[in-house]
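# Observations on the three-dimensional arrangement
As a plain string of letters, each chain reads:
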Protein chains: 2
Amino acid sequence: MPRAARRRTETAETLAQRQREISVSEFFLKNRHLLGFDSPRRALLTAVKEAVDNSLDACEEAGILPEVSVDLEHIAPTRFRMTVTDNGPGIVRAQVPKIFAKLLYGSKFHRLRMARGQQGIGISAAGMYGQLTTGRATEIISRTSRSRPAHRMDVLLDTRANRPILLREEECDWRPEFPDPDRPGESVVYDHGTAVTIELEAAYVRGRLSVDEFLQQCAIANPHAQIHVRIRLKPRDEAAGEDEASSANAATADVGSSSPAASEVATPPDAAAWRSFRRAVEQMPEPPAEILPHPHGVELGMLMQILKDTSSRTLRSALATEFSRVSDRTALEICQRAGLDPAARPARIAHNDAETLYRAIQDTKLMRPPTDCLAPIGEAAIVAGLQKEVRADFVTAVSRPPAVYRGNPFLIEAGLACWRPGEQEGDGAAADDPVRLLRFANRVPLLYQAGACALSRAVISVNWKTYGLAQPKGALPIGPVVLLIHIASVWVPFTSESKDAVAAYPEILREATFALQECGRRLAQFLGRRRREEEARRKREYIETYIPHLAHGLAAILGLSDRAQADLSARLSKLLARSRADA
Amino acid sequence: MPRAARRRTETAETLAQRQREISVSEFFLKNRHLLGFDSPRRALLTAVKEAVDNSLDACEEAGILPEVSVDLEHIAPTRFRMTVTDNGPGIVRAQVPKIFAKLLYGSKFHRLRMARGQQGIGISAAGMYGQLTTGRATEIISRTSRSRPAHRMDVLLDTRANRPILLREEECDWRPEFPDPDRPGESVVYDHGTAVTIELEAAYVRGRLSVDEFLQQCAIANPHAQIHVRIRLKPRDEAAGEDEASSANAATADVGSSSPAASEVATPPDAAAWRSFRRAVEQMPEPPAEILPHPHGVELGMLMQILKDTSSRTLRSALATEFSRVSDRTALEICQRAGLDPAARPARIAHNDAETLYRAIQDTKLMRPPTDCLAPIGEAAIVAGLQKEVRADFVTAVSRPPAVYRGNPFLIEAGLACWRPGEQEGDGAAADDPVRLLRFANRVPLLYQAGACALSRAVISVNWKTYGLAQPKGALPIGPVVLLIHIASVWVPFTSESKDAVAAYPEILREATFALQECGRRLAQFLGRRRREEEARRKREYIETYIPHLAHGLAAILGLSDRAQADLSARLSKLLARSRADA
């Protein structure tokens, strides 16, 4: 018998009345830290990142060498207006509202192909955050070709329904325009492109985790892109109320990062001037191919869904057309192994038969997924990027062959640059500073949540002492080194919607470790060679200092002439050089 | 003029054709690591956690002392059938499909009230993962009262549409039944309750991060609940193919945790027997109240939405009825400060006026949010829970007063238990093991992603050396100590949908640090007292050993009688005792 007495009158019926649907935008509005909008500082970076990612993706899909500008204007103590412009193919009018004001809408989710965006959340989330904090609509202006006019639209997101509200729409004569780095003050104009403007509560902070750092790393991983940036800050006195306002203003958490030093805050860079990261390569990266799912990465439930949805009329042809690496012959083999009729209607496969089929697929040897869906940065480009970035003595890079996690092809690249301590100007690194780690996923720099990222974990897991770097237990190695690590995949498994850290699938950890170890071995060789050379030089310098004195002493003892003494000195030097050569 | 040549024929028009809506279930299916379903081992834990959370929430809402059973049956090498049964109020028939087979549907998202569940994702996600990996439907059986029959339903989730598919529905005579821990072999039966059964690809691993650990910690934080568990594993030989199958089987990543030691895997516990965590308290916790949003935690966009949606007819009454801590008089004050007519229609407030209103609200002094929406575990219950858990020499607990982040009230509690090294049986802790940290959010144990959690970060940030514990730099302190830390809030800001780690809002970090420091101070006092006592005892024992020898020597020198010698010895002991008392 029930022993518990009821104390309140809530019943199944009263509880049922509270049940309600939650729209995905309501969910993310309340959980906006999941999207990277938890503090004003991070919000600015996230908004820029989402817009730039979209611009680069659009340009590459259309085979256009990307040109992107980021314009940030400080319009109120805690408020910025961000405009990101590209020379991409533009967006057709009908798609604009949904792309910019509906979460979970996009072209990249339903296919297996390497891209920066994959979720269909980012730019709408940035607009939603802007709307939440400033009440302002997102403004989009886009032109698809010289022969058509541009259209300008203002859209809001109806968060209750996750639906765009179109506030304004008009045709105009806009064309995207970028500063020309070769001819200061002049512009380059294109016939097509898109510009998006969002007003949002934000804070600009220089240095680590800044928009500048993001764009600089973007330029390293995308040498084919030309990126311009202009940050117009309010003068200090105008922004006086800033600290106060932003701390009163609810959302100032700086999740997943240490807070900036006070001195970093709001130091205006060269005001109102465009700075450009120039294009270093005039060639587009190889466009990645789209692939079908690999049978070994498909779960039973997904297999059942695919069989239900296929337009193929037989099981055999369904297997061959819906999956990669399944030839017509392999499809027949799978059917036979499962004891199923190859001519069966796929939609009619019963649950038990699907399980048998699933096991037969697992038991069939198949080629690994195709890898032309991945576009690595490439060893040469990584070396060039790092050389541009640091005045290094030694630079190396490794591109691993493609591997697979959960059926998804991926590929790891690593780069390493090292310099002589004290030689890096403006770096200000102390002798016991950890290495600087640059993480990238599908060419996008990852700045936040380093601690939660599989790429960082791989760096920590390598024993860097073997390669000549100090390393505290469970921490990054120490030394004047920049490490770069890049994962390229058709589906990067991020640990959250803000896409800052990669989930620790064992296959990813393993590949990253291999790439880093190879860089480490090359570093050890270089450091060993440098150490030997330095020792030899030191020895030579030391002895060379004393040879004349030695010769002088011997001359006094043996009563040698000046000439004999000079001769002795020369012979001693020669002897020394020989013994060094032998060593 | 454009310098870039197009290489491919993708245009704005062809790109537009690819744009598609993504259902929230498709999104989470592909990103299931965000929900805690990335490895078979974690999947089992997550499924149990979601079901138990729901059961405890339902019981408490209805004022029923919770009784919950978790039954895990190992039905195939990599497959488990999980059944979680409760004595809650039951679920009305019409709500069952949506509650168990639609993501983002629930009763807890749209209100500010402390609860375990808050997102409306968990249990549907568990069913969706089961369906993905085994193709099986979720089975629910529920009864709302003695006077009505139970209903049994099988539901699948249509992931394309995020919509339930009802496969079967029938009435039956089921009543929830639990093992009676006082009378082995007999049962306790209730008139109402719910049972949910999910088949899923899973792996059972004992020890750290196991279902057992979760339930044990659940019992500590919920002493009013009675929890039963039965885990029926296949014998080892039957499960022989397990390792092979699970590694072939795509999803074996163990994200965010170290992999289990080989020896831990699949050791069957006492087979087929129910184990019970008994109820320790016969009283329900105070039911938390539901609150309105606090004006200082509401952003401009949200304020505009609230004004648009309110049923109040004047601005003044809207402010007073839609927010907490705004009296009619305060509402008037806000209107005056903003220069707005208190009788204005709320929906007619223009954008600029809304901004003025927003600033006026920020500038108005308001009481902090009410805190009866929080139900702390309480210092006494934490101490009792820890004493049950460890044979400690010293136990203490601290409940902090409520605080606020982003307008949401929250409260931190911390507990600490310490024992003498080597005295904890079965613990096997080495001398340099870090403390054991138990994290809880709204009484739910958090097992994964400790590294990403603000509660862990707070523990690390405290300088434990001050309190007598060793602590490596940037790491947990070391010693025979269990630390417990609990955050209770109307909205816990988790770092991901799997709800394993708390986001690092500065207010949360600060409160957690204060609570831990107070525990630390008490620990230091205890350790100091114990050290002084031990030193005194050692000194006494040492001297007591030598007093007879001393007396003997003096007797020989002074030629004392035996009696005088005994007398001297006694006096020396007394002297010693006095000097100790003075010290």
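Residues numbered from 1 in each chain as written. Chains lettered and ligands numbered in written order. Predicted model: local features only at pLDDT ≥ 70, side-chain atom pairs only at ≥ 80, totals over all residues. Heavy atoms only, no water.

### Notes on the overall build of chain A
Each helix and strand in chain A was counted, giving 15 helices and 18 strands. Burial statistics for chain A: of 583 residues in total, 56% are counted as buried. Taking all contacts inside chain A whose residues are at least 6 apart in sequence as the whole, residues at least 24 apart take part in 74%. Within the structure as shown, chain A displays about 24500 Å² of accessible surface, and the carbon and sulfur contribution to it stands at 50%. (Helix = DSSP H or I, 4+ residues; strand = E, 2+ residues; numbered from the N terminus. Buried < 20%, exposed > 50% of the residue type's maximum accessible area, 1.4 Å probe, protein only. Contact = heavy atoms within 4.5 Å. Areas by Shrake-Rupley, 256 points an atom, 1.4 Å probe, with all protein chains shown as cover.)

### Concerning the pairing of strand β10 (residues 193–201) of chain B
Residues and elements named next belong to chain B. Among the nine residues that make up β10, nine are buried, leaving the element largely enclosed by the rest of the structure. Neither face of β10 is left uncovered, since the one carrying G193, A195, T197, E199 and E201 and the one carrying T194, V196, I198 and L200 both have all their residues buried. In terms of strand pairing, strand β3 (residues 79–86) meets β10 through eight bridges, oriented antiparallel. Pairing of R81 across the sheet is with E199, part of β10. Here strand β5 (residues 138–143) pairs with β10 via five bridges, running antiparallel. Bridging across to β10, E139 finds its partner in T197. (Pairing = 2+ DSSP bridges.)

### Considering the packing of helix α13 (residues 454–461) of chain A against helix α14 (residues 506–558) of chain A
Two quantities define a packed helix pair, namely the angle between the helix axes and the distance between the axes. All names here are of chain A. Closest axis-to-axis distance for the α13/α14 pair is 9 Å, and the angle between their directions is 50°. Relative to α14, the element α13 is oriented oblique. The hand of the α13/α14 crossing is right-handed. For the pair formed by α13 and α14, the contact residues are A454, R457, A458, V459 and S461 on the first element and L509, A512, T513 and L516 on the second. (Axes fitted to C-alpha atoms, helices over the stretch in contact; angles between N-to-C directions. Parallel < 35°, antiparallel > 145°, perpendicular 65-115°, else oblique. Left-handed = near helix turned anticlockwise from the far one by under 90°.)

### Observations concerning the interface of chain B and chain A
Residue-level contacts link 113 residues of chain B with 114 residues of chain A. Summed over both sides, the interface between chain B and chain A buries roughly 9600 Å², with carbon and sulfur atoms accounting for 52% of that surface. Where chain B meets chain A, there are 14 salt bridges. The salt bridge involving E21(B) is made with K102(A); its shortest N-O contact spans 3.3 Å. Put simply, chain B and chain A have 34 residue pairs in polar contact (both at pLDDT 80 or more) between them. Taken together, the residues that form the side of chain B that touches chain A break down as 47 nonpolar, 32 polar and 34 charged. As paired strands, strand β4 (residues 105–106) of chain A and strand β1 (residues 20–21) of chain B are joined by two bridges and run antiparallel to one another. Opposite G106(A), over in β1(B), you have R20(B) as the bridge partner. (Buried area = accessible area lost by both parts, 1.4 Å probe. Salt bridge = Lys/Arg side-chain N within 4 Å of Asp/Glu carboxyl O. Polar contact = N/O pair within 3.5 Å; in protein donor to acceptor, adjacent residues only side chain to side chain. Nonpolar A, V, L, I, M, F, W, Y, C, P; charged D, E, K, R; others polar.)

### Here's the deal with the sheet that holds β10(B)
All names here are of chain B. If you walk across this open sheet you meet the eight strands as β7-β6-β5-β10-β3-β2-β11-β12, and the pairing is mixed. At either end of the open sheet lies a strand with only one pairing partner, and these are β7 (163–172) and β12 (275–277). Adjacent strand axes in the sheet meet at a mean angle of 15° when their direction is disregarded.

### What about the packing of aromatic side chains?
Applying the stated criterion across every chain yields a total of 18 aromatic pairs over all chains. For the pair Y405(A) and F410(A), a centre-to-centre distance of 6.0 Å together with 65° between the ring planes defines the contact as edge-to-face. For Y405(A), a relative accessible area of 0% translates into the label buried. Judged by centre distance (4.9 Å) and plane angle (25°), the rings of F37(B) and Y129(B) are stacked. (Phe/Tyr/Trp six-rings, centres within 6.5 Å; stacked < 30°, edge-to-face > 60°.)

### Points about the environment of C172(B)
All names here are of chain B. Its place among the elements puts C172 in strand β7. Between the alpha carbons of C172 and A150 there is a distance of 5.2 Å; along the sequence they are 22 residues apart. Those residues in contact with C172, other than ones at most four positions away along the chain, are I141, P149, A150 and R152.

### Comments concerning helix α6 (residues 211–221) of chain B
Summarising burial for α6(B): 10 of the 11 residues are buried, a large majority. For α6(B), every residue scored as buried is listed here: V211(B), D212(B), E213(B), F214(B), L215(B), Q217(B), C218(B), A219(B), I220(B) and A221(B).

### Regarding the relation of the copies chain B and chain A
Aligned on chain A, chain B shows an RMSD of 0.3 Å; the corresponding rotation is 180° and the shift along the axis is 0.0 Å. A rotation of that kind, with that shift, is consistent with a two-fold axis. Looking at the interface residues of chain B, 100% of them are also at the interface in chain A, so both copies use one shared face. (Least-squares fit on C-alpha atoms with pLDDT ≥ 70 in both.)

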